[in-house]
Structure formats: C-alpha cells, structure tokens
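# Summary of structural features
Listed here are the chains, written in short residue letters.
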Amino acid sequence: MRPLRYSINVTLDGVCDHRAMPGDVGDAALEELHQQAAATLARADALLFGRVTYTMMEEAFRAPRDDDPFARTIDAARKYVVSSTLPSVGWNAELVHGDLADAVRRLKEEPGDGLLVGGVQLPQALAELGLIDEYELVVHPRVAGAGRRLFDGLARPLDLELVDRVDYASGAVALRYVPRR
C-alpha cells in the first residue's frame, strides 16, 4: 500500500496562501527550498489535487523551464484531480469520481512509492477521513497576519508525532509528522 503524504508551506501564524510566503530569501536559500520541494515530489509516483490546486499548478508548471527540476518533475508526474465541476483534465491527469474516501483508498492500494497531496481544502477532507499517512509542513519565518489558516474548522484535533526536522538557510523549517494511531 502506498502512503498518502501531505506537504504544504505555511507562515508562522499558519497562513497557507502561497502569496504570503517570503519571496526575498536570496537565491541560495530559494534554491535550497526548491530542492526540498523537488525531493518531496520525488518520494511520490502520483499527485492528488483538488480543482483549485490543480488549476494553479497547471498554470505555473505545465511548460517547465529546463533549469527547474521541480517544474520538470511536477510536469511529468501522474496526477489525480478531485473535482465535481471540471468536465475534463489534461496534463497527465485523471478525474477522481465517486465517494472520496473509497476513491482515495483505491489509489492508496495501488502499487507505488506514494501519493502526494497539496492544497488546503482537499487535504482537510482527507485528514478528517484519517487517510493522510504523513504531514510535511514547511514553516517560513513570516507572520502574515491574515489569510486562510491551515486546518481552520477541523472537526477534531489531529494528534501527530514528529519524525523529522530540517532547518534551511532561509530560516524555514520542514517538519514531518505521522499520525498517532
């Protein structure tokens, strides 16, 4: 069974809007964060997106530059999209139909290295269903003060165990957790 991993960038106050992340960390620090993101992608053989994240990622990475390993990796990756409003998808993607829990359990049962989910709304639904096997939060040294916060409105607490931590030159910290079961 392949694990379902969730990875997201957040500010210190939990804001998970990509526009709230610091953009002036310097070239070396930015490269280090991009390498981290590419390594996270490399641990999965397929990506799982909701409509909003799929659309945003396709717009940003469908035509990758040769010098961007993250963009090349995400462009080539197999993708599954959970949406009741998109009539079809391209970009090496397939729409996920039916009950979310059943559909994701079927994807997890397929052979492979893992599934990677991004975004906010879909991962919250998957967390509520107990389907996420690993959480990676890349916490950036910024307080946004406003914006959508990670897991706002979660029905019950998630108890997690820290299994890895990586500090970056930018001051960001990647924290990897697994659910306590």
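Okay, so let's go over this structure. These numbers come from a predicted model, not from an experiment.

Turning our eyes to something else, we now look at the side chain of arginine 2. Tracing the chain through its elements places arginine 2 in the segment before strand S1 (4–11). A polar side-chain atom of arginine 2 sits 2.6 Å from a polar atom in the side chain of aspartate 45. When sequence neighbours within four positions are dropped, the list of residues in contact with arginine 2 reads Asp45, Ala46, Tyr80, Leu107, Lys108, Glu110, Pro111, Gly112, Asp113, Gly114, Leu115 and Asp133.

A complete count under the given rule lists 14 salt bridges for this structure. For aspartate 13, the salt bridge identified is with arginine 149, shortest N-O distance 3.6 Å. With a gap of 136 residues between them, aspartate 13 in the loop between S1 and helix H1 (27–42) and arginine 149 in the loop between strand S6 (134–140) and strand S7 (160–167) connect regions that are remote in the sequence. Since its relative accessible area comes to 19%, aspartate 13 is described here as buried. Judged by relative accessible area, arginine 149 falls into the partly exposed class, the value being 27%. Here glutamate 134 ties to arginine 43 by a salt bridge, and the two come within 2.9 Å at their closest N and O atoms. Of this pair, glutamate 134 sits in strand S6 while arginine 43 sits in the loop between H1 and strand S2 (46–50), and the two are 91 residues apart along the sequence.

Let's shift gears to the sheet that holds strand S8 (residues 173–179). Read across the sheet, eight strands follow the order S4-S3-S2-S5-S1-S6-S8-S7 without closing on themselves; strand pairing throughout is mixed. The sheet is open, and its two borders are formed by strand S4 (93–96) and S7, each paired with just one other strand. Shown here is a sheet whose adjacent strand axes are inclined to one another by a mean of 25°, direction ignored. Where helix H2 (residues 51–61) meets the sheet, it contacts S2, strand S3 (78–82) and S4, and its direction lies at approximately 115° from that of S2. The strands that helix H5 (residues 121–128) touches are S1, S2, S3, strand S5 (115–117) and S6; relative to S2, the one it contacts most, it runs at about 105°.

It is worth spelling out H5 at this point. Taken together, the buried positions of H5 are Leu122, Pro123, Gln124, Leu126 and Ala127. In the core, the buried residues of H5 are packed alongside S1, S2, S3, helix H4 (100–109), S5 and S6. Directly beyond the C-terminal end of H5, a positive phi value near 70° is found at glycine 130.

All told, the structure shown has four aromatic pairs when counted by the stated rule. Residues tyrosine 6 and tyrosine 135 carry aromatic rings whose centres are separated by 6.3 Å and whose planes lie at 80° to one another, so their mutual orientation is edge-to-face. A residue pair is termed long-range when its members are at least 10 positions apart, and tyrosine 6 in strand S1 and tyrosine 135 in strand S6 qualify at 129 residues. Consider the rings of tyrosine 54 and tryptophan 91, whose centres lie 6.0 Å apart with planes at 50°: the pair is tilted. Taken together, the positions of tyrosine 54 in helix H2 and tryptophan 91 in the loop between S3 and S4 put the pair 37 residues apart, joining distant regions of the chain. Overall, tyrosine 54 belongs to the buried group, its relative accessible area being 3%. For tryptophan 91, a relative accessible area of 5% translates into the label buried. Through a chain of ring-to-ring contacts, the aromatic side chains of Tyr6, Tyr135 and Phe151 assemble into a single cluster. Its guanidinium or amino end placed over the ring of tyrosine 80, arginine 78 lies 5.3 Å from that ring's centre, counting from NZ or CZ. Cation over ring: lysine 79 sits above tryptophan 91, and NZ or CZ is 4.0 Å from the ring centre.

Quick notes on the rules
Residues numbered from 1 in each chain as written. Predicted model: local features only at pLDDT ≥ 70, side-chain atom pairs only at ≥ 80, totals over all residues. Heavy atoms only, no water. Helix = DSSP H or I, 4+ residues; strand = E, 2+ residues; numbered from the N terminus. Polar contact = N/O pair within 3.5 Å; in protein donor to acceptor, adjacent residues only side chain to side chain. Contact = heavy atoms within 4.5 Å. Salt bridge = Lys/Arg side-chain N within 4 Å of Asp/Glu carboxyl O. Buried < 20%, exposed > 50% of the residue type's maximum accessible area, 1.4 Å probe, protein only. Pairing = 2+ DSSP bridges. Axes fitted to C-alpha atoms, helices over the stretch in contact; angles between N-to-C directions. Phe/Tyr/Trp six-rings, centres within 6.5 Å; stacked < 30°, edge-to-face > 60°. Lys NZ or Arg CZ within 6 Å of the ring centre and 35° of its normal.

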